[in-house]
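# A structural walkthrough
Take a look at the letters that make up each chain.
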Amino acid sequence: MSDPRLDVKFIGRFHDAYLKYRHAQMHFAALVGLINSLLEQRWWLPEKVEGTKEGTVRIKILCHPTVEWSLVVGDWIHNLRSCLDYAICGMVEAADPAADLANIQFPFGRLGSPLNSDERKRLRGLAPEAVARIEAIRAEHGVDLNFVSLMSNQDKHRLLLPVTVRQVPMKLTIDEESNTASINDDIEGSAAVWTKEIKDGDEIVMPTMLKLGIGLLIEGEEMPFPLQDIERLNVAVWKTFMAICTTERSVLASALSGTPAIQTTGSYTAATSSRTSS
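Now for a quick tour of the structure. (Residues numbered from 1 in each chain as written. Predicted model: local features only at pLDDT ≥ 70, side-chain atom pairs only at ≥ 80, totals over all residues. Heavy atoms only, no water.)

### Observations regarding the packing of helix α4 (residues 128–157) against helix α6 (residues 230–245)
- Axis separation between α4 and α6 bottoms out at 9 Å; the angle between their running directions is 135 degrees. Overall, the two elements α4 and α6 adopt an arrangement that is oblique. Taken as a pair, α4 and α6 cross one another with a handedness that is left-handed. For the pair formed by α4 and α6, the contact residues are I134, I137, H141, V143, D144, L145, F147, V148 and M151 on the first element and R232, L233, A236, V237, K239, T240, A243 and I244 on the second.
- In terms of residue class, the contact of α4 with α6 is made up of twelve nonpolar, two polar and three charged. (Axes fitted to C-alpha atoms, helices over the stretch in contact; angles between N-to-C directions. Helix = DSSP H or I, 4+ residues; strand = E, 2+ residues; numbered from the N terminus. Parallel < 35°, antiparallel > 145°, perpendicular 65-115°, else oblique. Left-handed = near helix turned anticlockwise from the far one by under 90°. Contact = heavy atoms within 4.5 Å. Nonpolar A, V, L, I, M, F, W, Y, C, P; charged D, E, K, R; others polar.)

### Topic: the sheet that holds strand β2 (residues 56–61)
- The strand order across the open sheet built from three strands is β1-β2-β6, with neighbouring strands paired in antiparallel fashion. With partners counted over all chains shown, the strands left at the sheet margins are β1 (44–48) and β6 (203–205), one partner each. Geometrically, the sheet is characterised by an average inter-axis angle of 40 degrees between neighbouring strands, direction not taken into account.
- As paired elements, β1 and β2 share five bridges and run antiparallel to each other. Considered in β2, the bridge of L45 is made with K60. (Pairing = 2+ DSSP bridges.)

### Some words on the pattern of salt bridges
- Scanning the entire structure with this criterion turns up twelve salt bridges.
- Where E93 meets R13, a salt bridge forms, and the shortest distance between an N and an O atom there is 3.1 Å. Pair noted here: E93 is in helix α2 (residues 67–95) and R13 is in helix α1 (residues 12–39), with a separation of 80 residues, a long-range link.
- Between E219 and R158 there is a salt bridge; the shortest N-O distance is 2.4 Å. Note that E219 is positioned in the loop between β7 (212–216) and β8 (225–226) and R158 in the loop between α4 and β3 (163–167), a separation of 61 residues in sequence.
- Taken together, the salt bridges that share partners define one network made up of R120, E135 and R138. (Salt bridge = Lys/Arg side-chain N within 4 Å of Asp/Glu carboxyl O.)

Here it is as structure tokens:
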């Protein structure tokens, strides 16, 4: 299977992983459509409140995200995670065609920490150099991969990912070099603002700049996932997938012989899996 945007051919389990990623893009496009449809209209407005502290406004939600958003997010996340699981299975199979893949899956691990011995069992059959490659991927894309794991587990096992309205904190950024200024989102710098839910009829003190955004509630996480970050997460999974399937076969297992390490098409490579796809 080839991606027309890339000079690369995916084979075996990597082909299946690519199909999962491509299917995720259908749900991603649907989610972007839902977001744009909401943002293109006046979906909320501030109302002046008489007899209260000066600057207090009442938030009127005119159009609220529906449960359809949660369903689309779940389908998108499920296919992204499947892409990574399939790719890791292809990696292990390339190292050892006779490997038992029953318990092999992408090792998300704990955010900010190396894989422990139990988590490394998900990579049984890979050489230390290959495991180090996975650790490098986790270090680079850890935050987004952690969100994939959390959201996938919640949607698959327990409940939908609720969609919530939050106030987006803003900050003024000055570029002294160009002598320009811009107003940017500052969710990380003002977490207390983002973590407080905004409901229809809530009264808040009007900041200099008032912006509302949409987030996803994740069990056990104080901070909702901002839906404005979905493209970054989507790209992180693609980069992770490509890093896995382009790993040189010579580093996958301690001792390999026989067939060429990788198949090459143009400037990209796709690791060889023993199973071919039609």
